[in-house]
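Given next are the chains, with one letter for each unit.
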Amino acid sequence: MSTDSNSGNMIEIDREKANFHYDVEYKHDAGMGLSEDTIDYISNVKGEDKWITDFRKKALSVFHEKKMPTHWASEDLNSINFDEIRYYLSAGEAPKRSWDDVPNEMKETFERLGIPEKERKFLAGVEAQFDSEAAYSNIKDAVAEQGVIFVNSSEGLAEHADIFRKWFGKVIPTGDNKFSALNSAVFSGGSFIYVPPGVKVKHPLQAYFRINAEQFGQFERTLIIVDEGAELTYMEGCTAPKFETTTLHSAVVELVAMKDAKIQYITVQNWSANVFNLVTKRGLAHENAEVRWIDCNIGSRLTMKYPGVVMKGEGARGEVISIALANDGQHQDTGAKMIHAADNTTSNVVSKSISVGEGRSTYRGQVHIPKHLKGCKNNTECDALLINSKSRTDTYPAITVRGNKHSTQHEASVSQVSEEQIFYMKQRGLSEAEAMSLSVNGFVNDLVREFPMEYSVELKRLIELEMEGSVG
Amino acid sequence: MSTLEIKDLHASVNGTDILKGLSLSVPKGEVHAIMGPNGSGKSTLAKVMAGHQDYEVGSGDVLLDGYSLLEMDVDERARAGLFLAFQYPAEIPGVSNANFLRAARQARLPDGEEIDAVAFYQEMYEKMAKLGMDKKFTGRSVNEGFSGGEKKRNEVLQMMMLEPKYAVLDETDSGLDIDALKIVAEGVNAMRSEERGFLVITHYQRLLEYIVPDHVHVLNEGRIIRSGPKELALELEEKGYDWLKEGELVKS
Ligand SMILES: Nc1ncnc2c1ncn2[C@@H]1O[C@H](COP(=O)(O)OP(=O)(O)OP(=O)(O)O)[C@@H](O)[C@H]1O
Ligand SMILES: [Mg+2]
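The structure presented is a predicted model; accordingly, all values stated were derived computationally and were not measured. (Residues numbered from 1 in each chain as written. Chains lettered and ligands numbered in written order. Predicted model: local features only at pLDDT ≥ 70, side-chain atom pairs only at ≥ 80, totals over all residues. Heavy atoms only, no water.)

Engineer: So what's going on with unusual backbone geometry? Residues and values would help.
Structural biologist: All names here are of chain A. Of note in the backbone geometry, Gln 215 takes a positive phi value of approximately 50° without being a glycine. Mapped onto the fold, Gln 215 is located in the loop between β7 (205-210) and β8 (217-218). Notably, Asn 288 is not glycine yet its phi reads approximately 55°, a positive angle. Secondary-structure assignment places Asn 288 in the loop between β14 (275-285) and β15 (290-299). Judged by its relative accessible area of 35%, Asn 288 falls in the partly exposed class. (Helix = DSSP H or I, 4+ residues; strand = E, 2+ residues; numbered from the N terminus. Buried < 20%, exposed > 50% of the residue type's maximum accessible area, 1.4 Å probe, protein only.)

Engineer: Could you give me a rundown of the sheet that holds strand β5 (residues 67-68) of chain B, with the residues and numbers involved?
Structural biologist: Residues and elements named next belong to chain B. Strand order in the open sheet formed by four strands is β2-β1-β4-β5, and the pairing between neighbours is antiparallel. The open sheet has two edge strands, β2 (16-27) and β5, and neither has a second partner. In the sheet, strand β1 (residues 3-13) pairs with strand β4 (residues 55-64) via eight bridges, with the strands oriented antiparallel. Directly across from Leu 4, in β4, lies its bridge partner Leu 64. Where helix α1 (residues 42-50) meets the sheet, its contacts fall on β1, β2 and β4, and the angle it forms with β1 comes to roughly 105°. (Pairing = 2+ DSSP bridges. Contact = heavy atoms within 4.5 Å. Axes fitted to C-alpha atoms, helices over the stretch in contact; angles between N-to-C directions.)

Engineer: Let's hear about the sheet that holds β15 of chain A: which residues, and what values?
Structural biologist: Backbone-to-backbone hydrogen bonds pair the strands of a sheet. The strands run either parallel or antiparallel. All names here are of chain A. Overall, mixed pairing links the ten strands, which are arranged β4-β3-β7-β10-β13-β15-β18-β20-β22-β24 in an open sheet. Every interior strand has two partners, whereas the edge strands, β4 (133-139) and β24 (407-417), have only one. With strand direction ignored, the average angle separating the axes of adjacent strands in the sheet is 5°. Bridging between β7 and strand β10 (residues 231-239) involves six bridges; their strand directions are parallel. Directly across from Leu 205, in β10, lies its bridge partner Tyr 234.

Engineer: How would you explain the pattern of salt bridges if you had to name every residue and give the values?
Structural biologist: Residue and element names in this part refer to chain A. If you walk through the whole model with that rule in mind, you get 35 salt bridges over all chains. Ionic pairing is found between Glu 254 and Arg 221, a salt bridge with its closest N-O pair at 3.1 Å. Of the two residues, Glu 254 sits in strand β12 (residues 252-257) while Arg 221 sits in strand β9 (residues 221-226), which places them 33 residues apart along the sequence. A salt bridge links Lys 305 to Asp 295; the nearest nitrogen and oxygen atoms lie 3.2 Å apart. Note that Lys 305 is positioned in strand β16 (residues 302-305) and Asp 295 in strand β15, a separation of ten residues in sequence. By relative accessible area, Asp 295 is classed as buried at 2%. (Salt bridge = Lys/Arg side-chain N within 4 Å of Asp/Glu carboxyl O.)

Engineer: Tell me about the packing of helix α4 (residues 117-130) of chain B against helix α5 (residues 148-162) of chain B, residues and numbers included.
Structural biologist: All names here are of chain B. Between α4 and α5, the shortest axis-to-axis distance is 10 Å and the interhelical angle comes to 135°. Here α4 is positioned oblique relative to α5, judged by the angle of their axes. Read as a crossing pair, α4 and α5 show a hand that is right-handed. Residues Phe 120, Glu 123, Met 124, Lys 127, Met 128 and Lys 130 of α4 touch α5, and the partners they reach there are Leu 157, Met 160 and Met 161. Within the contact of α4 with α5, the residues separate by chemical class into six nonpolar, no polar and three charged. (Parallel < 35°, antiparallel > 145°, perpendicular 65-115°, else oblique. Left-handed = near helix turned anticlockwise from the far one by under 90°. Nonpolar A, V, L, I, M, F, W, Y, C, P; charged D, E, K, R; others polar.)

Taken by themselves, the reported measurements are silent on function.
Spelled out as structure tokens, the structure:
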């Protein structure tokens, strides 16, 4: 179903950096709608082993069996029409190791988003996914020489089947929720990373997920295994142009931190306002290992995302630091899941949400400490900032702590940027948008400091753009 | 046309008339004081000029160097050169004093031009030193947890940094101790120039000993009922306002 207009013809540009898209010739298109045929199509294009096709088909039936979670989540989920989504679109080319070999439209897309420049400046490797498949994938030689593997999920399955299969679907089983089942059925793209014992990857690896096509679903699957005593920082960025129709992004990300390993996973998403972003992310932390999720959610129509850490080994640590910004017509339903499954495990959740206009933020937390354990600690902090009275925020912290040999702390606050404050700032010459972004940046400042420098600058800029948009 | 001119201004809040035909003209280079009983409309006047959303202007005009402010949004008025030192300054959690001032200065530059950070900090530290403000205030959130006097000093710091054409000081002296009063007055006096006009709202003649006004106006029930030289302030201190209220609208 490729379009017939000129390749590389730009259809739409807006003041927002990410709001543009190209007409691209897709060689492979699974068509609209979801059935076993869709899966056969995807498996066939990818040349997958039978066990993967079977895995996918089983997942499809789980997806069909599971109800939409609208008994607790937003009714808006019902507006997703699964028959009007394309589940696989690709140009049919293997990811390139050099930007020069990447097809023009895709290369231009990533150049406009500043990816090659960032790669040169401070990244150890980049994977850039365009719709269903990576267009570019490269890891710096020095890092590859240490034995670090950084490829897309298909290549991971094909080339590193033993280790891939060992952990695939183990941290997040297919049936974890309706959308993890959907992803398990039609997944494509995403990263597979393996860091050998003792290797500390100095610079971050980065993945960039770009949705270019309309009425499309992106279902990347990421699996990261960091072996004993090794360390990795991984960053993902996500954008899509503004379309009239809804777009679906439903990823599954599984992290495995072996004994004494450290993983830091950073997300900066800036989805346009028609994207349903329904993502399942969880890490498994073995003895003395650390998994940190740093998650920044800007944009989308509805985001549902609760990164989790299962602390399986003694002394393991889990952390979720999240910023969510809900503008008019948006709902950020985010949170964290901390499962303590060994003694002396520690978890920390800091969540800050901003609701602007009619934007809505929800925090859902789950902290689970069973009775037979001792010495577990959790700290949960959720703060909400409301900009103008129509905003809405809800907090559902569920902290289940059994036994008395643990320590938990929970703090929550809601604050307002009042008209008086805005008036004061405007009287000093700031526009309403500048006043609001100053307040918002002030509110999230301590969390933004957790981001690498290059990203904190970008984050501030994103917040400014978002505020400009909100006052029209 | 180098004046801040208020012409027959009528303004109300929630349907209640507060300003009832107020006229006043502050030429550049002059300092005018406004005195008047509690509730007479002094802060209302200041906020109406600045464009506060709660107040509705019924009729009249406010002209800054000949241009009507009433057509402009709050921030445009500010950038046009109007500064208001608030009687009760708002607190802005999370936004540091330095970042706030920097953003306010940046907002006055043309698009694409960036503030010189080094020069900015140097200037800010110098002006803070003049006001006897500790450097630690740059890192604190704007006015958050500041004492009454510290807030007032901070207002004056902002005025010194933003160098407005016209500054309205609403009871900047209240809450200041005697030493601080002198320091703040010196700050204001240092800014007095042919290029700048001041409207100083106060209850106390003491401030006017330090910031000597060119004219004193008495505001009562939304109107100027008396205007005179600086000595009028002394007379008010002695006699209160009642003698004026009886013989309203007598000009000396
Ligand atoms: N937002 C408002 N809602 C209702 N009434 C208001 C509002 N703002 C001002 N007023 C009323 O308008 C009148 C004038 O108030 P204003 O604050 O201007 O007085 P003021 O002269 O500054 O007094 P003070 O010397 O006590 O500072 C008062 O009666 C006050 O209650
Ligand atoms: Mg007042």
